[in-house]
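Structural characterization, general
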Amino acid sequence: MPHPRALENIRVVDFSWVRAGPWATRWLGALGAEIIKIEWPESERGRLPSSTTPRHLEVNLNTSGNFNDTNVNKKSLSLNVRSRKGLEIVKRLIAISDIVIENFSSRVLRNWGLGYEQLCEIKPDIVYVSMSGYGHTGRNHHYTTFGPVAQSVAGLTYLSGLPDKPPAGWGWSYMDDTGGMYGAMCALTGLYHRNMTGRGQHIDQAQMVSSIPLNGPALLDFTVNGRGSRRAGFPPGNRAHWPGTPLVNNYRGPTVAPHNAYRTHPGGYNDWCVIVCHSDEEWQRLAQVMGAPPWAGSEKFATLTGRLEHQEELDAHIEAWSMTLGKYELTERCQAAGIRALPVQSAEDRVEHDPQLRDRGMYLPMEHPALGTHKVQNAPFKMSATPAVNHLPAPLIGQHTREIVEDLLGYSHEELRAGFDDGTFWPTRRVRFPYMEEMLQ
Amino acid sequence: MSEAQGPLTGLRVLELADEKGQFCGKLLGDLGADVVKIEPPGGEPCRHVGPFLDDIPHPERSLSFWYYNTSKRGITLCLETADGRALFRRLAAGADVILETFRPGFLASLGLDYESLHEQNPGLILCALTPFGQTGPWRDFLSSDLLHMAAGGEMASCGYDEADVPNAPPIAPGGGNAWHMGCHFAYISIMAALVYRTVSGQGQYIDASIHEACALTTESAVANYIYRGEVPRRQTGRHHAVGVTNRTQFRAKDGTYVTALISGGLNPRNVRNLADLMDSYGLAGDLKEPRYQDPAVIAANTSHIIDGLLAGFIASLPAEEVYHAAQERGFTWGAVRAPEALLDDAHLQDRGFWKQVEHPELGRSFVYPGEAAIYNGSPWRISRRAPLIGEHNTEIYRDELGLSLGELSVLAESRVI
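Residues numbered from 1 in each chain as written. Chains lettered and ligands numbered in written order. Predicted model: local features only at pLDDT ≥ 70, side-chain atom pairs only at ≥ 80, totals over all residues.

1. Re the overall build of chain A
Keep this limit in mind: We count a stretch as a helix when DSSP gives it H or I for four or more residues in a row; a strand needs E for two or more, and each element gets its number in order from the N terminus. As a rule, residues whose C-beta atom has 12 or fewer other C-beta atoms within 10 Å are exposed, those with 20 or more are buried, and those in between are partly exposed; C-beta atoms are placed from the backbone.
When helices and strands are counted, chain A shows 18 helices and 12 strands. Overall, chain A is about 85 × 50 × 40 Å in size when its C-alpha atoms are taken along their principal axes. Out of the 441 residues in chain A, the part that is buried amounts to 58%.

2. Points about the interface of chain A and chain B
What counts is decided by this rule: By the criterion used throughout, residues are in contact when their C-beta atoms, derived from the backbone, lie within 7 Å. Note on residue classes: Ala, Val, Leu, Ile, Met, Phe, Trp, Tyr, Cys and Pro are nonpolar, Asp, Glu, Lys and Arg are charged, and everything else, Gly too, is polar. Only strands joined by at least two bridges in the DSSP assignment are considered to pair.
Between chain A and chain B, the residue contacts involve 130 residues of the former and 125 residues of the latter. Of the residues forming the side of chain A that touches chain B, the biggest block, 17 residues, is contributed by helix H7 (residues 174-197) of chain A. For the side of chain A that touches chain B, the residue count by class is 62 nonpolar, 50 polar and 18 charged. Taken together, the 3 bridges between strand S6 (residues 201-206) of chain A and strand S12 (residues 373-375) of chain B define a ladder with antiparallel strand orientation. Bridge assignment links Gln205 of chain A to a residue of S12 of chain B, and that residue is Ala373 of chain B.

3. With respect to the sheet that holds strand S7 (residues 249-251) of chain B
In a beta sheet, neighbouring strands are held together by backbone hydrogen bonds and run either parallel or antiparallel to one another. Residue and element names in this part refer to chain B. So the rule is basically this: As a rule, the C-alpha atoms of each element are fitted with a line to give its axis, helices using only the stretch in contact, and angles between N-to-C directions run from 0 to 180 degrees.
Strand order in the open sheet formed by 3 strands is S7-S8-S9, and the pairing between neighbours is antiparallel. Of all the strands in the sheet, just S7 and strand S9 (333-336) have a single pairing partner and so form its edges. When strand polarity is set aside, the average angle formed by the axes of neighbouring strands in this sheet is 25 degrees. Relative to strand S8 (residues 257-260), S7 is paired through 3 bridges, and the arrangement is antiparallel.

4. Structural notes on the environment of Val416 of chain B
Residue and element names in this part refer to chain B. Position of Val416 among the secondary structure elements: in the segment after helix H17 (405-413). Residues Val416 and Ser383, 33 residues apart in the sequence, show an inter-C-alpha distance of 28 Å. Leaving out residues up to four positions away in the same chain, Val416 has contacts with Cys78, Thr81, Asp83, Gly84 and Leu411.

5. Focus: the sheet that holds strand S1 (residues 12-16) of chain B
Spatially, the 7 strands line up as an open sheet ordered S12(A)-S6(B)-S5(B)-S4(B)-S1(B)-S2(B)-S3(B), and their pairing is mixed. Of all strands in the sheet, those bounded by a partner on one side alone are strand S12 (381-383) of chain A together with strand S3 (72-76) of chain B. Between one strand axis and the next, the sheet turns through 20 degrees on average, direction left out of account.

6. Structural notes on the nonpolar core
Rules: Each nonpolar core reported here comprises buried Ala, Val, Leu, Ile, Met, Phe, Trp, Tyr and Cys residues connected via C-beta atoms within 7 Å.
In this structure, Ala187 and Val274 of chain A together with Cys127, Ala150, Ile206 and Val258 of chain B are the most contacted members of the largest nonpolar core, which totals 238 residues. Ranked by the residues each element gives to this core, the list is headed by helix H8 (residues 177-200) of chain B, at 15 residues. In this view, Val274 of chain A contacts Asn238, Asn260, Ala261, Ala341, Leu342 and Val344 of chain A together with Leu146, Leu147 and Ala150 of chain B; residues no more than four positions away in its chain are not counted.

7. Looking at helix H14 (residues 319-328) of chain B
All names here are of chain B. Where we set the bar: Starting at the helix axis, one direction is taken to each C-beta atom, and the arc is that of these directions.
Within the sequence span of H14, burial applies to Ala319, Val322, Tyr323, Ala326 and Gln327. An end-on view of H14 places all buried positions within 120 degrees of arc, on one side of the element. Taken together, the buried residues of H14 touch S8, helix H11 (268-279), helix H13 (302-315) and S9.

8. A look at H7 of chain A
Residues and elements named next belong to chain A. Inclusion rule: Helices are assigned an expected span. That span is 1.5 Å times one less than the residue count.
Over its 24 residues, H7 extends 34 Å from the first C-alpha to the last, a length consistent with the 34 Å expected when each residue adds 1.5 Å. Burial of H7 is extensive: 21 of the 24 residues sit out of reach of the surface. Positioned one or two residues after H7, Gly198 has a phi angle of 80 degrees, which is positive.

9. Thoughts on the domain arrangement of chain B
Note the following rule: Where each domain begins and ends is defined by an automated method or by a domain database.
In terms of domain boundaries, chain B breaks down into domain 1 (12-217 + 349-413) and domain 2 (257-336). Computed from C-alpha coordinates alone, the two centres of domain 1 of chain B and domain 2 of chain B are separated by 45 Å.

10. Concerning unusual backbone geometry
Residues and elements named next belong to chain A. The omega torsion of the bond from Leu48 to Pro49 falls at -5 degrees, within 30 degrees of zero and hence cis. Structurally, Pro49 is set in the loop between strand S2 (34-39) and helix H2 (65-70). At Ala292, a position not held by glycine, the phi torsion is positive, near 50 degrees. Mapping Ala292 onto the fold places it in the loop between helix H10 (280-289) and helix H11 (304-309).

11. Digging into the environment of Ser76 of chain A
All names here are of chain A. Residue placement: Ser76 occurs in strand S3 (residues 74-78). What makes Ser76 buried here is the crowd of 23 C-beta atoms within 10 Å. For the pair formed by Ser76 and Thr331, sequence separation is 255 residues and the distance between their alpha carbons is 44 Å. If near-sequence neighbours (up to four positions away) are discounted, Ser76 is found in contact with Lys37, Glu39, Pro395, Leu396, Ile397, Gly398, Gln399 and His400.

12. Quick word on the environment of Ser303 of chain B
With respect to the element layout, Ser303 of chain B can be found in helix H13. Note: C-alpha distance between Ser303 of chain B and Asn246 of chain B (57 residues apart in sequence) is 8.4 Å.

13. Side note on the pairing of strand S8 (residues 272-276) of chain A
Residue and element names in this part refer to chain A. Most of S8 sits inside the fold, with 5 of its 5 residues counted as buried. Where burial is concerned, the two faces of S8 agree: the one with Trp272, Val274 and Val276 and the one with Cys273 and Ile275 are both buried. Pairing between strand S7 (residues 259-263) and S8: 5 bridges, direction antiparallel. Across the sheet, Tyr262 pairs through a bridge with Cys273, a residue of S8. Relative to strand S9 (residues 340-343), S8 is paired through 4 bridges, and the arrangement is antiparallel. Counted as the bridge partner of Cys273 is Pro343 from S9.

Rendered as structure tokens:
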């Protein structure tokens, strides 16, 4: 018997695009909600531009690999919401839905006539989650973000890097991923609250603002102790503390050494391992695993304060040893001895070489009608009663238009055809995909 | 009508969590759940993580502990005693959610497995948030924030251009974000289970993995590999990429940096807008010349425009001024701020972001960061500062479970609480 789904019978009207919003609804879909993605090819952002189309395929609206991974578990309705007729259709959809979610700039939905007050007129207990850059209130509500900009303005970028160098920042849109997390968290929390009280609400999530609570200890060090993060030795790279600078916690965890990334054999671009010793005992065990070399027995490394003070020398010694081992072999040896060590892993490493992710079924193949069969990322949690599973590949654009318009909303087939003819369901001068011609038969 | 309440009001959560899960407990508590943090007698080891109030180390002065444990009540309990286990069973009987971060198998080894707790409380949701999950070859591996950032893929994407830092290592962004990533997914799984329970009445067990959460938090890196076989390289202050891309991080006059992306790339329209922005400060150089409306001319002069004119423009002004001037003209740019600069942000003040939190035992209150999102119908709120060690022992063991003060004394003497 198939498992029940946590969000069975929950319907989500999903206006979101690019990454953060779609990443949120992807998880609601994995949990069993019906996600109806409202799209329009003329103003689409997320399918194109695509840098993840397999080399043997033409780049078009249906061949982005990253779009597929970001939009599994959804259906697609192509609809011109900016037309009077399109707006009427989307209102009928909202009337039978539970959640509306979007990640436009702060005034877009309201300007369409779909602000929270209007949504309530259509569906009084609607849960409306807006995922904008700066929120719907506050003087900078009209500012816009991408992940990297939210990260910069909110202080996340600054916390990444080596002292006396420019910020290294985050090499991807961390706040598109994490903004998506907050979007999903808000939707679920609002839904729970609705189920308990019967009341919906507007939840105003903002990418820049959601970044700030991720800097809590650094902010309290300032508001409580008056100590800012612009100081000598900060940020300390991969170390817990930069030698030769004042001993101050760096907000990652305990101040210990060794605590760094070390090169491993054979010295390729991602041949690195991290090793951390939280105690003297862990350090002694590391010394044993390294073969108890004479240098490791030196008095200056026997104490935590000594290891922090002599970190440059300590790290150079450790790296001379780590260079002799592959990163997975080093990991196995250290962990078998009770030492904290793991390899730096690229995406290729995670998909192909990580034994834990393989054992847990993190990347399982799924067939997509245009892309073929590829691995898709799965949920990082296993729920005993209602597992989160990927059950649909990302939709082709407009793939479910007929199903939604006729079966769900009750329009006739003639009305569907008329809507294609008048540009409600697809731009009249744009070539239709073959599956659209089929749905019009 | 009573004061508006948080969306999770009425939920009872038991948190047995260290650095791995305490943020998830805060997320639940700040949204209204009654989170009871169960610490070992003497206090949770996270209380020894700095920085400390006035730099004086003490388990009641850890700012890290303060931050991650707001809106919780605190009790102490030794689960490795028979009395401790019996008390825990009684607490679990009245709980909606248990969040635990013990090593896999630990609770079961004490006879506190989910099945038996579920038997006495069918609606109970138990989320075990661990470094690698309850199964698999790495299940018992040790971890840390840095280790997760390595194996999860974060470090492989972060670092420097060779020109900025030759032979730079991959860099793990700071702040303890591996724990945040795990906690976000744990929160999602718990809320999904709670929504399901509103319909079914049934609880369930959740096995959440921090390693998997981190491995999922690298945007398109996995898709880049799966669909193109590509493994990108690290670049200073901007996205990793297969090939070298234009800089987006520029040093401002005040020595801080600005993130200046040109969305859509350098096309004639963007160049025109850029020229107008720089010209409003008299710093457009030759960019107003009509020839820059020719895509071929733009392409041939990319380095001049980006590394010359744009970099020079930003170098002439304070970062905050560039940030606001550019945003007002529709550029998605930002100042690279240190966290403390956020206290001066007028937009955050408009949104009432910063909160005063009372620490009555100190006779002081401090400013804490506020909510990630504004719940207009059921407000987020820090209901109390982090608990002192065993602060609510009497309130919970006596007032709620009905133990006598005599029994409490005996349990305290034998280090059960």
